[in-house]
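Notes for the structure review
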Amino acid sequence: MYPTDTATLPSAGHAEIRIVAATPEAARAVAQVLRCSFAGAEQRSYPVPEGGTRLHLTVDTGSAAEAALSWLATSRPSSRTGTHLDEV
């Protein structure tokens, strides 16, 4: 879908998030939930060639809200590793 092998890694303690949605409102709703759990930078949005919106934001995993911190501490790697079919 979108090549990621040349993407620059975010700094330690940060995560880059890409949201693809049919409407800008749906993408913003997901971003708002993430911002309630993590401190983050400004979001950037782009049109998707097939229609819809692609939204990028960076979150600081070191400044997570309590619920996110407890989830991060107890989360385990998924047994379903690997990429999705549409990922490079």
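These figures come from a predicted structure and were not determined experimentally.

The next subject is the pattern of salt bridges. Applying the stated rule across the entire model yields 3 salt bridges. A salt bridge links Glu16 to Arg18; the nearest nitrogen and oxygen atoms lie 3.0 Å apart. Salt-bridge contacts for Glu25 lead to Arg28; the nearest nitrogen and oxygen are separated by 3.6 Å. Separated by 3 residues within a single helix, Glu25 and Arg28 lie in helix α1 (residues 24–37), roughly one turn from each other. Note on Arg28: relative accessible area 41%, which makes it partly exposed. Among the charged side chains, a salt-bridge network with shared partners connects Glu16, Arg18 and Arg44.

Relative to strand β4 (residues 53–64), strand β1 (residues 14–21) is paired through 8 bridges, and the arrangement is antiparallel. Counted as the bridge partner of Glu16 is Thr58 from β4. Pairing between strand β2 (residues 38–40) and β4: 3 bridges, direction antiparallel. Bridge pairing in β4 places Ala39 opposite Asp60. Remark: 5 residues form the turn of the hairpin made by strand β3 (residues 44–47) and β4, two consecutive strands paired antiparallel; Gly51 in that turn has positive phi of roughly 105°.

Criteria and cut-off values
Residues numbered from 1 in each chain as written. Predicted model: local features only at pLDDT ≥ 70, side-chain atom pairs only at ≥ 80, totals over all residues. Heavy atoms only, no water. Salt bridge = Lys/Arg side-chain N within 4 Å of Asp/Glu carboxyl O. Helix = DSSP H or I, 4+ residues; strand = E, 2+ residues; numbered from the N terminus. Buried < 20%, exposed > 50% of the residue type's maximum accessible area, 1.4 Å probe, protein only. Pairing = 2+ DSSP bridges.

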